[in-house]
Structures are given as structure tokens and as C-alpha cells.
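Chains, contacts and geometry: an overview
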Amino acid sequence: MSQTMFPHIAESRMVLAANFRKYGNGPDFWDAYQRLLDAMVPGGEFKAEMANRLALLAQEMGVLETAQLVQV
């Protein structure tokens, strides 16, 4: 899946990083994660792909040790 399908991936990284700084790895961070995912991909076939991309971003930022990916 190309980045052109999800042009806001760089912005997503900034949003996740800001929420991680604010909330740590607690429930408020994951609520913000879910809101970001829902805003980017309200539904449909690309939601799992975007969820995986956001999970990998969270892993890269150190929010979690190992991302659990959704089977596509």
C-alpha cells in the first residue's frame, strides 16, 4: 500500500508522539490512537492496513515493544 493512499501518515506520527508525551502508554493514549484511526479510515477495506501502520509507528516510537498486527 503506497503512502499516497494515506497521505497523512507523517501527521499521524506527530499526533501519536504528542499523545504519547502527554499520556504515556495508558488508556488515554490508546483512545487518541483509536480516534486517529477512525478519522483517517472510517471503515472499509483499508482500516486494517492503516491500523497496522499506526501500530508499527507506535512500536517505532517505543510506545510498545511489539506491535500486534491485524490480519489483512
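Residues numbered from 1 in each chain as written. Predicted model: local features only at pLDDT ≥ 70, side-chain atom pairs only at ≥ 80, totals over all residues. Heavy atoms only, no water.

Another aspect to go through is the nonpolar core. If you look at the biggest cluster of nonpolar residues, it comprises 16 residues, and the most contacted ones within it are Leu16, Tyr33, Met50 and Leu54. Put simply, the parts of the chain that give this core at least two residues each are α1 (9-23), α2 (27-40) and α3 (47-60). Tyr33 has contacts with Leu16, Ala51, Leu54 and Ala55, leaving out every residue within four places of it along the chain. (Core = buried A, V, L, I, M, F, W, Y, C linked by side-chain atoms within 4.5 Å. Buried < 20%, exposed > 50% of the residue type's maximum accessible area, 1.4 Å probe, protein only. Helix = DSSP H or I, 4+ residues; strand = E, 2+ residues; numbered from the N terminus. Contact = heavy atoms within 4.5 Å.)

Moving on to the pattern of salt bridges. For the structure on display, the rule yields three salt bridges. One salt bridge in this structure joins Asp38 and Lys47, with 2.6 Å as the shortest N-O distance. Taking relative accessible area as the criterion, Asp38 reaches 34% and is therefore assigned partly exposed. With its nearest N and O atoms 3.3 Å apart, the salt bridge here joins Arg53 to Glu49. Taken together, the residues Arg53 and Glu49, both in helix α3 and four residues apart, mark about one turn of the helix. With relative accessibility at 21%, the residue Glu49 sits in the partly exposed group. (Salt bridge = Lys/Arg side-chain N within 4 Å of Asp/Glu carboxyl O.)

At a minimum axis distance of 10 Å, the contact between α2 and α3 shows a crossing angle of 140°. It follows that α2 is oblique to α3 by the angle criterion. In the crossing of α2 with α3, the sense of the turn from one axis to the other is right-handed. Contacts between α2 and α3 involve Trp30, Tyr33, Gln34, Leu36, Leu37, Asp38 and Met40 from the former and Lys47, Met50, Ala51, Leu54, Ala55 and Ala58 from the latter. When the residues that make up the contact of α2 with α3 are grouped by side-chain class, the tally is 10 nonpolar, one polar and two charged. (Axes fitted to C-alpha atoms, helices over the stretch in contact; angles between N-to-C directions. Parallel < 35°, antiparallel > 145°, perpendicular 65-115°, else oblique. Left-handed = near helix turned anticlockwise from the far one by under 90°. Nonpolar A, V, L, I, M, F, W, Y, C, P; charged D, E, K, R; others polar.)

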